[in-house]
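Secondary and tertiary structure notes
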Amino acid sequence: MARLRLIICECCDAVYARRDLAPGQTAHCRRCGAELYRNRRVDLDAMLAIALGGLIVLVIANAYPVLIMELGGTRADVTLWDAILATFDAGVGPVAVLAALSLFVLPLTQILLFLYVLLPLRVGAVPAGFVPVMHAIRHLRPWSMVEVFLVGVLVSAVKLAAESQLTPGVGLWGFAALTILLTLLTLFDLQALWDLAAERAAQEAAA
Amino acid sequence: MSVVVTARELGLLRCHACGAIYRLPSQDDCCHCRRCGVRLHLRKYNALTRAWALLIAAAMLYLPANLIPIMKTSTLLEQRSDTILSGVVALWQQGSPEIAVIVFVASIVVPLAKIAVLALLLVTAQRRSAWRQAERARLYRFIEFIGYWSMLDVFVVALLVGLVHFRGLAEVQPGGGAVAFAAVVVLTMLASKSFDPRLIWDSEPSRQGRQPS
């Protein structure tokens, strides 16, 4: 099947013959410069480790305050959920919903769906519902904005620093770690997972 | 550029969801991907119309997003409402120019640049222009990459509202501008997703029917 050795640029439709890359290498389109593919070896263990780690720090990031503030002898702290609920109560529901989705619901769903796909693939099976789950992951990807929130915490801290005493909370470190792990998670090559699942399915059919 | 052969010229088609490659059927846009089930298409369906609609909606909301306050602060000493721009000015005067620059870029430069770049890409793609295609392709990927950073101010408002509620001493209330601004960011993100970057290259004279060398 010579056809399988081709790669078509997503961004400009140029066709290339696929070549094997060394680990860490990336192939780029000669015409438009877009990334074509990375080294094809799929490291399921590394992906699983990142997804599991992501789940743990996501819980920490959401359960603990990100900022602690002292003003006139009183203390207040804020978790992500305090911020979301306060925004909702203050009458700007759309902002609260957007924050809840892009900072909690979508990153969490993405991690859980990855685990759902990766765990069975690790033991050599293709999970039920692989196709819709992979489509869901593809659609969720651009909408998690944890890294923007992290910078938002910094900006808020600077805005308040003049009037009050501020300390970073455990949740802030959680968000920092989550940002790194989610970035690694978005580097995963979904197409390689599709190909891997197709191989596994073919093996199962042959057995 | 003469070495580049496109999938369309070879009669091939790539599934946009899973990357599987197919031989083009006799009619365009007819089939579903055997592997992942999505409807296959050579170019995104109605890309220009959809992107224009979303972009115009975003541009219209851009005005209220910048004119209506995004938050109201009340302390013992003062009451003030801030729009996005006055928030940046306040940060600058407060003595944090670095942070003011970050917020200025994320909240003012990025959305404006994104609207302008998308309009440019749409106009040139519509005219099948061959002008600076590689640069236009790079611009597209750049705005795809930076677009969501504009959400910065929206998250800052949510955080301050959640944190600053010292009864009588200090309180922060969100303003309607934050909703309009969030809508601008989401709409421009959807607009750039609807655009098909392959349209940038479709101006090249079709070599259909000729054998690739």
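All of these numbers come straight from a predicted model, not from anything done at the bench.

Concerning the sheet that holds strand β5 (residues 165-166) of chain B
Residue and element names in this part refer to chain B. Overall, antiparallel pairing links the 4 strands, which are arranged β4-β3-β6-β5 in an open sheet. In the strand order of this sheet, the two ends are held by β4 (79-82) and β5, each with one partner. Here 4 bridges tie strand β3 (residues 71-75) to β4, and the two strands are oriented antiparallel to one another. Bridge pairing in β4 places K72 opposite S81.

Concerning the UniProt feature "transmembrane region" (unreviewed entry) in chain A
Residues and elements named next belong to chain A. In this structure's numbering, the residues bearing the UniProt feature "transmembrane region" (unreviewed entry) are residues 46-64, 84-106, 113-137, 143-162 and 169-188. Helix makes up 72% of residues 113-137 and strand makes up 0%, while its end C-alpha atoms are separated by 7 Å. The straight-line gap between the two end C-alpha atoms of residues 169-188 is 30 Å; of that span, 85% is helix and 0% is strand.

Section: the interface of chain A and chain B
Taken together, the 50 residues of chain A in the interface contact 53 residues of chain B. A per-element tally of the side of chain A that touches chain B places helix α5 (residues 146-161) of chain A first, with 9 residues.

Notes on the domain arrangement of chain A
For chain A, the assigned domains are domain 1 (1-39) and domain 2 (42-206). For domain 1 of chain A and domain 2 of chain A, the distance between their C-alpha centroids amounts to 29 Å.

A look at the confidence of the model for chain B
The predicted structure's coordinates, where accompanied by low pLDDT, should not be read in detail. Residues and elements named next belong to chain B. For chain B, the mean per-residue pLDDT works out to 88, and 92% of the residues sit at or above 70. Looking at the elements of chain B, mean pLDDT is at its lowest for β5, recorded as 80, and at its highest for helix α2 (residues 47-67), recorded as 96. Across residues 207-213, confidence stays below pLDDT 50; counting only partners more than four residues off in sequence or on other chains, it has 5 contacts. In the predicted assembly, ipTM is 0.89 and pTM is 0.89.

Overview of the sheet that holds strand β5 (residues 67-71) of chain A
Reading across from one edge, β6-β5-β7 (chain A) is the order of the 3 strands in this open sheet, with antiparallel pairing throughout. Looking at strand neighbours, the two that pair on one side only are β6 (74-78) and β7 (165-168) of chain A, the edges of this open sheet. Direction aside, the axes of adjacent strands within the sheet are offset by 20° on average. As paired elements, β5(A) and β7(A) share 4 bridges and run antiparallel to each other. Each residue of the ladder has a partner; that of A:I68, found in β7(A), is A:T167. Where α5(A) meets the sheet, it contacts β5 and β7 of chain A, and its direction lies at approximately 10° from that of β5(A). Contacting β5 and β6 of chain A, helix α6 (residues 152-163) of chain B crosses the sheet at an angle of about 145° to β6(A).

Cut-off values and rules
- Residues numbered from 1 in each chain as written.
- Chains lettered and ligands numbered in written order.
- Predicted model: local features only at pLDDT ≥ 70, side-chain atom pairs only at ≥ 80, totals over all residues.
- Pairing = 2+ DSSP bridges.
- Helix = DSSP H or I, 4+ residues; strand = E, 2+ residues; numbered from the N terminus.
- UniProt positions renumbered as here; feature names shortened; annotations may be inferred.
- Contact = placed C-beta atoms within 7 Å.
- Domains from an automatic or database assignment.
- pLDDT = per-residue confidence, 0-100.
- Axes fitted to C-alpha atoms, helices over the stretch in contact; angles between N-to-C directions.

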